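# Structural description and commentary
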Amino acid sequence: IHNWGFNVNYKWIAGFTFEGSPQFTGFVHTYDLLDAQINYHIPKIFTTIKLGASNVLNKLHYEVYGGPLIGRLAYISLLFEPK
């Protein structure tokens, strides 16, 4: 489709032992994430609009032992590229 684009990314992270300081050493369980983005280019004003999200399904997970739960991050951006 003219001027439209998209991206979908799936990530699977195998469980692992996180080794930090003695109080922050432990096992981080396996988790998976789905990221998605859609964009539209407007040639007349040299601009691309991007709308997307990391962890679209909002699967709460830990990335480090003792760290916070991480969820979805949504964003919108404008990219201006004059010729």
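What comes next concerns the included structure. These figures come from a predicted structure and were not determined experimentally. Sequence order as written defines the numbering, with residues in each chain counted from 1. Local features in this predicted model are restricted to residues of pLDDT 70 or higher, and side-chain atom pairs are both shown and tallied only at a pLDDT of 80 or more, whereas totals for entire chains, interfaces and linings draw on every residue. With hydrogens and water excluded, all non-hydrogen atoms of the structure serve as input to the side-chain values.

## Some remarks on the overall build of the protein
In terms of helices and strands, the protein carries 0 helices and 6 strands. Written out in order from the N terminus, the α and β elements of the protein read β-β-β-β-β-β. Computation of the radius of gyration draws on C-alpha atoms, with the globule rule given as 2.2 Å multiplied by the number of residues to the power 0.38. Taking 83 residues into account, the globule formula puts the C-alpha radius of gyration at 12 Å, and the protein, at 18 Å, lies well above it. Classification of residues uses two cut-offs on accessible area relative to the type maximum, computed with a 1.4 Å probe and protein chains only: under 20% is buried, over 50% is exposed, and between them is partly exposed. Looking at the 83 residues of the protein, the share that counts as buried comes to 17%. The contact criterion used is simple: two residues touch if any of their non-hydrogen atoms lie within 4.5 Å. Counted over contacts in the protein with a minimum sequence separation of 6, partners at least 24 positions apart contribute 44%. In this description, accessible areas are obtained by the Shrake-Rupley approach with a 1.4 Å probe, and a residue is regarded as covered only by the protein chains that are shown. Element-wise, carbon and sulfur atoms account for 64% of the exposed surface of the protein, whose accessible area totals about 6300 Å². A positive count includes Lys and Arg, and a negative count includes Asp and Glu. His and the chain ends are not counted in either. The location of each charge is read from NZ of Lys, CZ of Arg, CG of Asp or CD of Glu. Here the protein contributes 6 positively and 5 negatively charged side chains, and the mean placements of these two sets differ by 15 Å. Labels follow the DSSP assignment, with helices taken as runs of H or I lasting at least four residues and strands as runs of E lasting at least two, numbered in each case from the N terminus.

## A short note on the side chain of N55
Within the secondary structure, N55 sits in the loop between β5 (47–54) and β6 (73–80). The exposure class of N55 is buried, given its relative accessible area of 3%. Two N or O atoms count as a polar contact when they lie within 3.5 Å, although within protein this holds only if one can serve as hydrogen donor and the other as acceptor, and sequence-adjacent residues are included solely when both atoms are side-chain atoms. In terms of polar contacts, N55 uses its side chain to reach the backbone carbonyl oxygen of G71, at 3.5 Å. Among residues more than four places away in sequence, those in contact with N55 are L33, L34, D35, H61, I70, G71 and R72.

## Comments concerning unusual backbone geometry
Here the phi dihedral of N3 falls at roughly 70 degrees; this positive angle occurs in a residue that is not glycine. Among the structural elements, N3 can be located in the segment before β1 (4–13). With phi around 55 degrees, F46 is a residue other than glycine that occupies positive phi space. With relative accessibility at 32%, the residue F46 sits in the partly exposed group.

## A closer look at the sheet that holds β5
Backbone hydrogen bonds are what pair the strands of a sheet, in a parallel or an antiparallel way. Taken in spatial order, the 4 strands make up an open sheet running β1-β4-β5-β6, and their pairing is antiparallel. Strand pairing shows two members of the sheet lacking a second neighbour, β1 and β6, which therefore form its edges. Going from strand to strand, the sheet's axes swing by 15 degrees on average, the running direction of each strand aside. In short, DSSP must find at least two bridges between two strands for them to pair. Bridge analysis of β1 against strand β4 (residues 31–42) gives 10 bridges, and the strand direction is antiparallel. Of the residues in β4, the one forming a bridge with N7 is Q37. Inter-axis angles, ranging from 0 to 180 degrees, are taken between N-to-C directions of lines fitted to C-alpha atoms, where helices are fitted over the stretch in contact.

What is shown is where atoms sit, not what they do.
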